[in-house]
Amino acid sequence: MAMEVKWIGFDFGQCMMDPTGMRNYLVIGDVCKELGEPELIDARIHKYRVLKEKYGNYSAIKEGHRDEIMSYVFDNKDGAGEIFSRKEQEHLLMGKGLEETLRYFTDQGMRLSVVAELKKTLGPMGTDIVTSFLVSKGLTKYFDDVVTPQGKVDLKDGSIDLRYKGKTKEAGTIYDELALDLKAKGIDVSEAAMIGDKLKTDISPAKKRGFKTIQYTGYIDMGRCEDADEKISDFREMKKIVNKKP
Amino acid sequence: MSIPLRLVVEFNDGSQRAIDFSKVNVQIQESLAALGLCPPPITDSKSYLLLRWKNGWQEIVGLDKTQVELLRYYTIERTEEIGRMSLETGEAYPALLLVKRLPMLVESALLTNDAGSAMYTFSERTTTTEGGKTEKILYDKKDPESAVEDNGKANSWILELINSVKAELDKEGLIAEKLLSMGPDEKTTVYADISKALGIRAMERQEDINGFIELMLRRIKV
């Protein structure tokens with residue numbers, strides 16, 4: 001039986017945003033070519049891979065050591081930072097069937113939010129990886145807000161609600177705040193669903209607080225989880241399993 | 001091969017400059033060795049990593065570090081899409097160009113030099129799978145459906161490029177003859193602006209951008 005909800009929260013990284021297209025040769029290669037230094041592509045890709053070995057994964061580099069991408073990989077070359085950020089956005093893809101599904105649910109009057117584990121302090125709209133992705137892919141019109149541990153960004157006016165500051169998905173505190181926030185809008189937590197790929201941050205803590213949960217396996221399949229009510233690999237599958245509660 | 005003592009550069013006026021070979025850095029020694037001019041340098045690394053395969057094959061890697069410890073070793077298995085473009089050059093072997101950037105999205109190619117231009121368009125013709133390899137043919141000279149485009153298309157592409165270069169020259173208050181006669185540093189700066197305006201980047205060597213723009217400037221001059 002399909003789940004009936006009034007609100008859906010979408011995880012960002014490796015769920016709405018699919019990094020498959022962001023290959024080193026494309027991003028680092030394009031930056032070097034735009035800087036007029038195609039001869040340095042291989043050496044810089046090598047340095048970027050060395051950085052990955054230092055910090056474990058590319059997300060960790062981008063979230064916490066972006067300055068080193070510029071200093072170590074690009075030798076502080078003027079303009080590299082701006083081109084790198086632009087190329088990152090250009091090569092990021094949307095999860096399978098995402099926009100079609102967002103359009104379907106907004107047409108039904110469903111309330112939609114992005115719920116992301118953003119570590120970087122929020123600046124103006126479009127300056128962090130989440131809102132810049134939404135802007136560049138034309139997705140802001142589908143969402144009311146972006147909920148992050150740095151605050152909730154209202155996508156209509158860009159204002160930031162700091163009640164969410166310091167609350168995280170992994171600790172579940174972000175879902176506690178969301179439950180209160182939704183209740184104030186007349187939506188009970190049982191009428192809300194969270195979709196994401198990571199069991200520890202998107203599924204289990206949300207389920208424990210009464211949210212309905214959908215595990216997305218379109219990019220990474222983290223395996224079976226009892227806390228996931230449904231499992232999908234393409235966002236379009238949501239149309240069959242989620243209905244708007246009247 | 002005997003041990004090199006001096007590196008000599010001979011100029012067209014008969015003069016020479018030379019230095020002790022021991023002062024030539026390792027990279028240059030390696031380049032000279034690759035040209036067959038001297039034996040490869042013997043580098044003295046601080047540590048060595050010897051790898052042994054299950055079938056007994058062994059390889060050595062020198063590391064210029066004293067304190068070394070293995071952090072992790074892993075493999076990555078992923079389908080890579082690489083374009084291979086072979087070009088008939090009138091020589092014994094064709095030239096082979098690797099297209100690493102989104103090869104399936106390359107739509108067309110313009111081949112041009114002082115003698116003329118030709119344009120080719122790409123679309124998926126045939127797909128063959130052999131074991132784990134999939135080959136998609138986008139152009140094949142032997143396939144009648146892969147015919148080179150008529151001259152008109154190449155000419156209109158060239159004209160479009162020439163017009164863009166002319167527009168950029170107007171902006172900079174220059175004419176083709178004057179730009180061609182400028183010094184290398186000055187020219188390179190202007191060429192960078194022109195290439196930006198044209199939206200053309202060098203695939204492997206930045207000097208290719210400069211050469212291509214000079215070709216367009218010669219066309220304008222004519």
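Everything numeric in this text was worked out from a predicted model, so none of it was measured.

Asks: Describe in detail the overall build of chain B, supporting the description with residues and values.
Replies: Secondary structure assignment for chain B yields five helices and 10 strands. Its C-alpha atoms give chain B a radius of gyration of 25 Å, clearly above 17 Å, the size a compact globule of 222 residues would have. Projecting the C-alpha coordinates of chain B onto the three principal axes gives extents of approximately 60 × 60 × 40 Å. The buried share of chain B, taken over its 222 residues, is 21%. Excluding contacts between residues fewer than 6 apart, the proportion of contacts in chain B whose partners are at least 24 apart in sequence is 33%. Counting 28 positive and 35 negative side-chain charges, chain B places the averaged centre of each group 3 Å from the other.

Asks: Tell me about the environment of B:Ile158, and please be specific about residues and values.
Replies: Residues and elements named next belong to chain B. Considering the arrangement of structural elements, one finds Ile-158 in helix H2 (residues 151-172). Of the residues examined, Ile-158 reaches a relative accessible area of 7% and is grouped as buried. Residues Ile-158 and Thr-112, spaced 46 residues apart in sequence, show a C-alpha to C-alpha distance of 8.7 Å. Apart from the residues within four sequence positions on either side, Ile-158 is in contact with Leu-110, Thr-112, Ser-117, Met-216 and Arg-219.

Asks: Let's hear about the packing of helix H1 (residues 24-34) of chain A against helix H2 (residues 41-55) of chain A: which residues, and what values?
Replies: Residue and element names in this part refer to chain A. Closest axis-to-axis distance for the H1/H2 pair is 9 Å, and the angle between their directions is 130°. Here H1 lies oblique to H2, going by the angle between them. Read as a crossing pair, H1 and H2 show a hand that is right-handed. Taken together, the residues of H2 that come into contact with H1 (itself represented by Asn-24, Tyr-25, Ile-28, Gly-29, Cys-32 and Lys-33) are Ile-41, Arg-44, Ile-45, Tyr-48 and Arg-49.

Asks: Which residues make up the interface of chain A and chain B, and what values do they have?
Replies: Facing the 16 residues of chain A at the interface are 15 residues of chain B. Across the interface of chain A and chain B, roughly 1300 Å² is buried in total on both sides, 43% from carbon and sulfur atoms. Put simply, chain A and chain B have four salt bridges between them. Notably, a salt bridge pairs A:Glu34 with B:Arg201, separated by 3.2 Å at the nearest N-O pair. Summed over the shared surface of chain A and chain B, the number is seven residue pairs in polar contact (both at pLDDT 80 or more). Counting residues per element, the ones that place at least two in the side of chain A that touches chain B are H1, H2 and helix H5 (80-91) of chain A.

Thresholds applied
Per chain, residues are indexed from 1 in the order of the written sequence. Chain A is the first chain written and ligand 1 is the first ligand written, with later ones labelled in order. Only residues with pLDDT of 70 or above have their local features reported here, since the model is predicted, and side-chain atom pairs are shown and tallied only from 80 upward, although totals for entire chains, interfaces and linings are computed over all residues. Side-chain descriptors were evaluated using all non-hydrogen atoms of the structure, hydrogens and water having been removed beforehand. By the criteria applied, helices consist of DSSP H or I runs no shorter than four residues and strands consist of E runs no shorter than two, each listed in order from the N terminus. In this setup the radius of gyration rests on C-alpha atoms only. A globule is expected at 2.2 Å times the number of residues raised to 0.38. Partly exposed residues are those whose accessible area sits between 20% and 50% of the maximum for their type, while under 20% is buried and over 50% is exposed, using a 1.4 Å probe and protein chains only. When checking whether two residues touch, look at their non-hydrogen atoms; a contact exists if any pair is within 4.5 Å. His is not counted, nor are the chain ends, whereas Lys and Arg count as positive and Asp and Glu as negative. The atoms used to mark charge sites are NZ of Lys, CZ of Arg, CG of Asp and CD of Glu. As a rule, the C-alpha atoms of each element are fitted with a line to give its axis, helices using only the stretch in contact, and angles between N-to-C directions run from 0 to 180 degrees. Any angle that is under 35 degrees is reported as roughly parallel, and any over 145 degrees as roughly antiparallel; angles of 65 to 115 degrees are reported as roughly perpendicular and all others as oblique. The handedness criterion is simple: a crossing whose near helix is rotated anticlockwise from the far helix by less than a right angle is left-handed, and one whose near helix is rotated clockwise is right-handed. Two parts placed together each lose some accessible area; with a 1.4 Å probe, that loss summed over both constitutes the buried area. By salt bridge we mean one thing: a side-chain nitrogen of Lys or Arg within 4 Å of a carboxyl oxygen of Asp or Glu. Side-chain atoms alone can form a polar contact between residues adjacent in sequence; in general such a contact is a pair of N or O atoms within 3.5 Å, and within protein one must be able to donate a hydrogen while the other accepts it.

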